[in-house]
Amino acid sequence: MTRADLISAAQVSVTVLVLLRMIWVGFLRESGKILSWPMFTIGCSVIVNLKAGDDEATENVNVFDFLPSGEFAISPSELQLVVDYIAIERGQVNGTGRMLWEGGEKPIIVEDSHVVS
Amino acid sequence: MWFLDSIASGFSTPTSESRVQYFRILIGVACFAKFSLALLYRGWYRLERGGYTHHALQQRMGKDQADLISATYRPVIAIRLLASIAVTCGISPRISALLVLGGLFYELIYEYRYNTIYIALMVACLLPAGNLGNGFTISDQISSANTWAQFLAVLITIDLYWNGVWLKVRSPQFMSGLLLAQFVHGAEEVKDRLPYREFFYPRALLKALDDSPAGIRKWRLSAQATIILELAIPIALFVPQVRPWAISIGIILHTAFALLKPRGIIGFSIATLASYILFVP
């Protein structure tokens with residue numbers, strides 16, 4: 001067996017492994033792991049109006065002022081993270097909004113810095 | 001067909017070395033576009049301690065790791081930007097590609113996006129190539145030096161399209177047109193709250209494709225057209241007679257994707273279109 005044969009065998013083996021992974025994670029498991037491509041397949045985002053502050057001194061806050069630029073579709077779990085952050089920076093967070101999901105739309109509430117849907 | 005022949009021959013099927021070399025130049029451009037657009041609008045300060053991204057990392061990975069990632073952020077994004085230029089210019093292309101790959105995987109730590117994974121895999125496909133070329137000099141040799149690298153990149157692009165189709169077809173939210181309508185109209189609704197201008201959706205488009213039930217039915221046509229095109233493009237790219245059509249339609253499709261979320265998608269769209277070169281042996 002020559003060196004070229006060994007390289008060829010290694011390339012074929014790696015290719016078969018890649019193919020098997022593509023089928024497993026992409027078509028059988030739908031896991032969202034590397035080599036599955038669930039872009040634009042399911043979406044869940046929220047549009048909210050928030051107020052933050054302690055007791056009577058509350059002010060409107062724009063959630064996008066806290067997120068990295070480029071983010072404009074926030075999932076409910078991301079909203080909880082950013083609400084936690086705003087609560088540290090500005091005090092207790094409350095608000096209302098809508099969740100856009102596969103069932104259409106439903107109201108969403110942020111109460112005492114917790115996202116309740 | 002060279003693609004099937006090459007696996008049957010253990011990747012000894014000769015291909016034009018120039019394909020992977022042109023691809024290297026364009027993938028470098030895609031990475032440069034992605035990396036430089038990530039720096040826009042305070043991207044340089046994104047992982048500052050005390051900022052939101054640092055807070056989110058801290059919640060997920062603990063303080064020490066979040067601090068480490070924040071401390072290394074700026075050097076990494078500077079190095080990967082320079083490395084992407086080096087990939088395009090063919091300056092130590094393999095080492096530069098490795099640096100770019102490291103930069104892309106680093107980004108996945110704080111922002112996990114499938115389009116970043118695709119670009120990273122395309123860059124990874126450069127590594128086993130036998131002749132990546134030097135500078136902008138393109139080889140006219142036909143050999144098996146780049147065949148495996150070319151095969152892998154094509155395989156991943158086919159998987160991207162066909163697995164995307166598989167997952168979209170099984171999503172009632174996508175197939176009904178609801179997902180596209182929600183994305184576009186949700187983004188439009190928050191447009192004025194964004195600190196920076198991130199996209200521009202023409203008013204005529206928003207009017208023609210609104211988010212009413214009738215509008216969503218029109219979005220459904222867009223969704224179905226996407227499915228058909230994503231299914232057909234990889235096959236058509238192998239057929240010389242229809243290849244120019246496939247390339248033109250692919251450019252239109254990926255331009256439309258890029259318009260949805262320009263800063264996030266432009267690099268991905270360039271990388272996907274660059275892979276079309278590799279469908280030709």
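Being a predicted model, the structure only gives us computed values, none of them experimental.

Here we take up the overall build of chain B. Helix and strand counts for chain B come out as 13 helices and 2 strands. Scaling as 2.2 N^0.38, a compact globule of 281 residues should have a C-alpha radius of gyration of about 19 Å, and chain B matches this with 20 Å. Along the first, second and third principal axes, the C-alpha atoms of chain B reach 55 × 50 × 30 Å. Residue burial in chain B is summarised as follows: out of 281 residues, 41% are buried.

It is worth spelling out the domain arrangement of chain A at this point. In terms of domain boundaries, chain A breaks down into domain 1 (1-37) and domain 2 (45-116). Summarising the inter-unit geometry, the C-alpha centres of domain 1 of chain A and domain 2 of chain A are found 42 Å apart.

Our next topic: the environment of N62(A). Relative to the elements of secondary structure, N62(A) occurs in the loop between β2 (57-61) and α2 (76-90). For the pair N62(A) and N49(A), spaced 13 residues apart in sequence, the C-alpha separation works out to 7.4 Å.

Our focus in this paragraph is the interface of chain A and chain B. Listed by partner, the interface residues are 36 residues for chain A and 43 residues for chain B. Listing elements by their share of the side of chain A that touches chain B, those giving two or more residues are α1 (3-28), β1 (45-54) and α2 of chain A. The element contributing the most residues to the side of chain A that touches chain B is α1(A), with 8 residues. Residue composition of the side of chain A that touches chain B, by class: 22 nonpolar, 11 polar and 3 charged.

Turning our attention to the packing of helix α3 (residues 52-61) of chain B against helix α4 (residues 63-89) of chain B. All names here are of chain B. Taken N-terminus to C-terminus, the directions of α3 and α4 make an angle of 140 degrees; their axes are 7 Å apart at the nearest point. In terms of their interaxial angle, α3 and α4 are classed as oblique. In this structure, α3 crosses over α4, and the sense of that crossing is right-handed. Between α3, through H54, L57, Q58 and M61, and α4, the contact on the second element is made entirely by K63, Q65, A66, I69 and S70.

On to the pairing of strand β3 (residues 93-101) of chain A. Residues and elements named next belong to chain A. In this sheet, β3 lies alongside β1 in antiparallel orientation, the contact comprising 8 bridges. Note that in β3 the partner of V46 across the bridge is M99. Sheet analysis places β3 next to strand β4 (residues 104-111), joined by 7 bridges and oriented antiparallel. By the bridge assignment for β4, T96 is matched with I109. With antiparallel pairing between neighbouring strands as the criterion, β3 and β4 make up a hairpin whose turn holds 2 residues.

This part takes up the sheet that holds β1(A). Residue and element names in this part refer to chain A. Taken in spatial order, the 5 strands of this open sheet run β2-β1-β3-β4-β5, and their pairing is antiparallel. For this open sheet the edge positions go to β2 and β5 (114-116), each flanked by a neighbour on one side alone. Each strand axis lies, on average, 20 degrees off the axis of its neighbour in the sheet, ignoring direction. By the bridge criterion, 5 bridges tie β1 to β2 in an arrangement that is antiparallel. Its bridge partner being in β2, L50 is matched across the sheet by V61. Contacting β1, β2, β3, β4 and β5, α2 runs over the sheet at an angle of about 15 degrees to β1.

Here we take up the confidence of the model for chain B. Confidence along chain B averages 95 in pLDDT terms, with 100% of residues attaining 70 or more. In the model output, the complex is listed with pTM 0.94 alongside ipTM 0.91.

Reading the values: the criteria
- Here the residue numbering is sequential within each chain, running from 1 through the sequence in written order.
- Each chain gets a letter, beginning with A, and each ligand a number, beginning with 1, in the order they are written.
- At least 70 in pLDDT is required for a residue's local features to be given in this predicted model, at least 80 for side-chain atom pairs to be given and counted, and no such filter applies to totals for whole chains, interfaces and linings, which use all residues.
- Starting at the N terminus, helices and strands are each numbered in turn, a helix being any DSSP run of H or I of at least four residues and a strand any DSSP run of E of at least two.
- Radius of gyration: over C-alpha atoms. The globule rule applied is 2.2 Å multiplied by the number of residues raised to the 0.38 power.
- Counting other C-beta atoms within 10 Å of a residue's own tells you its class, since 20 or more makes it buried, 12 or fewer makes it exposed, and anything in between is partly exposed; those C-beta atoms are placed from the backbone.
- An automatic or database domain assignment is the source of the domain bounds shown.
- Note on contacts: each residue gets a C-beta atom placed from the backbone, and two residues are in contact if those atoms are within 7 Å.
- Residue type decides the class: Asp, Glu, Lys and Arg count as charged, Ala, Val, Leu, Ile, Met, Phe, Trp, Tyr, Cys and Pro as nonpolar, and the leftover types, Gly among them, as polar.
- To obtain each axis, a line is fitted to C-alpha atoms, and for helices this fit is confined to the stretch in contact; angles are then taken between N-to-C directions over 0 to 180 degrees.
- Roughly parallel covers angles under 35 degrees, roughly antiparallel covers those over 145, roughly perpendicular covers 65 to 115, and oblique covers all other angles.
- Should the near helix be turned counterclockwise from the far one by less than a right angle, the crossing is left-handed, whereas a clockwise turn marks it as right-handed.
- Any two strands are treated as partners once DSSP identifies two or more bridges connecting them.
- For every residue, the pLDDT score states the predictor's confidence, bounded by 0 at the bottom and 100 at the top.

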